[in-house]
Amino acid sequence: MTSDFFFFIVVGFCAQIVDGALGMAFGVLSTTSLLAFGVPVANASAMTHVAEMFTTAASGLSHAYHRNVDWRLVARLAPAGMIGGAIGAYLLANIDGKVIAPFVSAYLIAIGLVILYKAFRPPPKRDVRDWIVPPVGFCGGVLDAIGGGGWGPIVTSSLVSRGHDLKRVIGSTNFTEFAVTLTISLTFMLTLGWSELNSAIGLIIGGVIAAPFGAILVKRLPVRPLMVAVSMIIIGTSAIRLL
């Protein structure tokens, strides 16, 4: 057991607490940590997604248990997200994902500002047959694979900004993320191969331990402060990456 291994356990735990409660940030926080340790971009994304296979399964089941999941929304998000994730992973294995990073960050800052505005002027709720659900799932899958994270910020923020119920969106995107992450991980393994597991194991342990707590938090926290917190995390992390 090295200090680095314990560090990744802590990173996985903290990232999953945030992700489970707000529907985003595990991939971004984990990938950033791996990059800081000198892991190449494609490998960092691959390690993060392997870890997320376990953390998203635990988090998704916790949200389902606490009745935060809208199954109709899951059915519309999952296929599009899986297709997008496979395409994004294949592209990252063959091109430099940093090229589109500034555009993704700028988009997320704009979405964060929209959510902050609507936290104080909430729009009427929409039915889950909203036409934008599959396209958002597809784009979220592509950008999640390329950026090592982004499914939660893109999908959660886009659907909340359209007027979908925040708590159901968080639960549903967390549950759907398992299928998307599994697809991305398998694509990375087929294109890159797999040899280094130490970092992923640390992230897995920390994330699985934290998963039940995030589901409890999203069920108990009031909506407006949760929306403000979501917007602040999106704007803050995206601005840092853009700069």
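Reading the values: the criteria
In this convention, every chain numbers its residues from 1, walking through the sequence in written order. pLDDT decides what is reported in this predicted model: residues at 70 or higher carry local features, side-chain atom pairs at 80 or more are listed and counted, and totals for whole chains, interfaces and linings draw on all residues regardless. Excluding hydrogens and water, the side-chain values take into account all heavy atoms of the structure. Take the buried Ala, Val, Leu, Ile, Met, Phe, Trp, Tyr and Cys residues and link them wherever side-chain atoms come within 4.5 Å; each set so joined is a nonpolar core. When a residue's accessible area, from a 1.4 Å probe over protein chains only, is under 20% of the maximum for its type it is buried; when over 50% it is exposed; and in between it is partly exposed. Only DSSP runs of H or I reaching four residues or more are called helices, and only runs of E reaching two or more are called strands; each is numbered from the N terminus. UniProt positions are given in the numbering used here, feature names are shortened, and annotations may be inferred rather than shown by experiment. Contacts are assigned to residue pairs with any non-hydrogen atoms lying within 4.5 Å of each other.

Chemist: Lay out the nonpolar core with the relevant residues and their values.
Modeler: Of all hydrophobic cores here, the largest spans 26 residues; its most connected members are Leu77 and Leu159. Elements with a contribution of two residues or more to this core: α3 (41-65), α4 (71-92), α5 (101-120), α6 (133-147), α7 (151-161), α8 (166-192) and α10 (223-242). Ranked by residues supplied to this core, first place goes to α8 with six residues.

Chemist: For the UniProt feature "transmembrane region" (unreviewed entry) in the protein, give the residues involved together with the corresponding values.
Modeler: Per the UniProt entry, the sites bearing "transmembrane region" (unreviewed entry) are residues 6-29, 73-93, 99-120, 175-194, 200-218 and 225-242 in this numbering. For the annotated span residues 73-93, helix accounts for 95% and strand for 0% of the residues, and the straight-line distance between the end C-alpha atoms is 30 Å.

Chemist: Give a description of the environment of Val208 that names residues and reports values.
Modeler: Turning to its location among the elements, Val208 is positioned in helix α9 (residues 198-220). A residue is classified by how much of its surface remains accessible, and Val208, at 36% relative accessible area, is partly exposed. Here the alpha-carbon distance between Val208 and Phe54, two residues 154 residues apart in the chain, equals 6.7 Å. What Val208 contacts, discounting residues up to four positions off in sequence, is Phe54 and Thr55.

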